[in-house]
Amino acid sequence: MVDNQHWLDRWRENRIGFHEAAVNRHLQTYMARFALPHGACVFVPLCGKAHDIAWIAAQGFDVIGIELSQLAIEAFFDENNLDFERFETDRFGVYKSGNISLLQGDFFDLSNDDLGACSLVYDRAALIAMERPDRPRYYDHMLSIIPAVSNMLLVTLDYDQAEMTGPPFAVPPEEVRRYYGDSFSISLLESSDIVDKAPRWRKVGLTALRESVFRLDR
Ligand SMILES: C[S@@+](CC[C@H](N)C(=O)[O-])C[C@H]1O[C@@H](n2cnc3c(N)ncnc32)[C@H](O)[C@@H]1O
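These figures come from a predicted structure and were not determined experimentally.

1. Brief notes about unusual backbone geometry
In this structure, P167 follows G166 across a cis peptide bond, with omega equal to 5°. Inspection of the secondary structure puts P167 in the loop between β7 (151–158) and α7 (173–180). Unlike most non-glycine residues, A35 shows phi in positive territory, near 50°. As for its placement among the helices and strands, A35 is situated in the loop between α2 (25–30) and β1 (41–44). Taking the relative accessible area as the measure of exposure, A35 reaches 62% and is therefore exposed. Unusually for a residue other than glycine, N81 sits at a positive phi of about 50°.

2. Remarks on the state of the cysteines
Inspection of every chain in the model, using the stated rule, returns one disulfide. With a sulfur-sulfur separation of 2.3 Å, C41 is cross-linked through a disulfide to C118. Placement of the pair is C41 in strand β1 and C118 in the loop between α5 (112–115) and β6 (120–124), with a sequence separation of 77 residues. Considering cysteine sulfurs only, C118 is the nearest to C47, which forms no disulfide, with 12 Å between them.

3. A short note on the pattern of salt bridges
Counted by the stated rule, this structure contains twelve salt bridges. Here E190 and R25 are joined by a salt bridge, their closest N and O atoms 3.6 Å apart. One end of the pair, E190, is in strand β8 (residues 185–193); the other, R25, is in helix α2, and 165 residues separate them in sequence. Residue classification places E190 among the partly exposed residues on the basis of a relative accessible area of 23%. A salt bridge links R202 to D196; the nearest nitrogen and oxygen atoms lie 2.8 Å apart. Through salt bridges that share partners, D9, R12, E13 and R15 make up one connected network.

4. Description of the environment of E190
With 22 residues separating them in the primary sequence, E190 and S212 have C-alpha atoms 5.8 Å apart. When residues no more than four places from it in sequence are discounted, the contact partners of E190 are R25, H26, Y30, E211, S212 and V213. Only 2.6 Å separates the side chain of E190 from the side chain of Y30, close enough to count as a polar contact.

5. Brief notes about the site of the ligand
Within the structure, the ligand sits among 15 residues, and W11, L46, E67, F107 and R124 are positioned closest to it. In the model, an oxygen atom of the ligand is placed 2.6 Å from a nitrogen or oxygen of the E67 side chain. Considering the ligand on its own, with 600 Å² of exposed area, one finds that the protein chains cover 97% of that surface. In terms of residue count, the dominant contributor to the shell around the ligand is helix α1 (residues 4–12) (three residues). Grouping the constituent residues of the shell around the ligand by class yields nine nonpolar, three polar and three charged.

6. Thoughts on the nonpolar core
Side chains of a nonpolar character, in soluble globular proteins, are inclined to be buried together. Ranked by size, the top nonpolar core spans 41 residues in total, and within it F43 and Y180 carry the most contacts. Those elements that provide at least two residues to this core are β1, β2 (62–67), α6 (135–145), β7, α7 and β9 (210–217). Looking at which element gives the most residues to this core, the answer is α6, with four residues. Look past the residues within four positions of F43 in its chain and what remains in contact with it is I64, I66, F107, L110, L115, C118, L120, V121, Y122, M142, I145 and I146.

Thresholds applied
Residues numbered from 1 in each chain as written. Predicted model: local features only at pLDDT ≥ 70, side-chain atom pairs only at ≥ 80, totals over all residues. Heavy atoms only, no water. Helix = DSSP H or I, 4+ residues; strand = E, 2+ residues; numbered from the N terminus. Buried < 20%, exposed > 50% of the residue type's maximum accessible area, 1.4 Å probe, protein only. Disulfide = S-S within 2.5 Å. Salt bridge = Lys/Arg side-chain N within 4 Å of Asp/Glu carboxyl O. Contact = heavy atoms within 4.5 Å. Polar contact = N/O pair within 3.5 Å; in protein donor to acceptor, adjacent residues only side chain to side chain. Near = heavy atom within 4 Å. Areas by Shrake-Rupley, 256 points an atom, 1.4 Å probe, with all protein chains shown as cover. Nonpolar A, V, L, I, M, F, W, Y, C, P; charged D, E, K, R; others polar. Core = buried A, V, L, I, M, F, W, Y, C linked by side-chain atoms within 4.5 Å.

Structure, rendered in structure tokens:
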């Protein structure tokens, strides 16, 4: 079972194959298309220590991230040579550095007050970190906490779930449309088979691995 302890253990044991060595290429390609005003707020759920956080902040946007692991958050600030302030609220450890705020705690404890006026959600390896039985709760919670005007850039993976247990978990595009289709207009920006992009996918037995990038607009 992939519960919170699973993720904390992975960070402690440095089993973080999901962490990308560079800024995500889809983020770099598509973020500008949302034409966010300078100073707009971007919400990064399940943010890990992704370089994406610093990149978004460097574009002049405020970033709010949520991440279970204190190790991940402190590694992010350390690796990016950023000083931070830390304080506790009733639900989160809050780390702040310039226009970056990272909340250490559980995504499911977030409320819409915590996200203020975020105008974009950047979901890379967050939805697909959830097992299938947990995903309806994830979609529902996301929709309940993000502002009614917030758009989303979403990167998913899909594969034959019988070939690998995950994470990452297979999220079929139809599922995204089923859960988000009433709230957003959904466009598929690109989709390709990335099974040969890294040796680990064939090694674990995958024969195909489809990565899809969606733009979700209100
Ligand atoms: C697959 S990783 C992706 C991290 C990041 N988005 C990236 O692109 O590198 C999923 C992350 O979500 C965190 N996580 C899992 N469940 C969470 C939850 N309920 N609340 C907050 N963070 C969670 C894990 O600790 C892990 O860092």
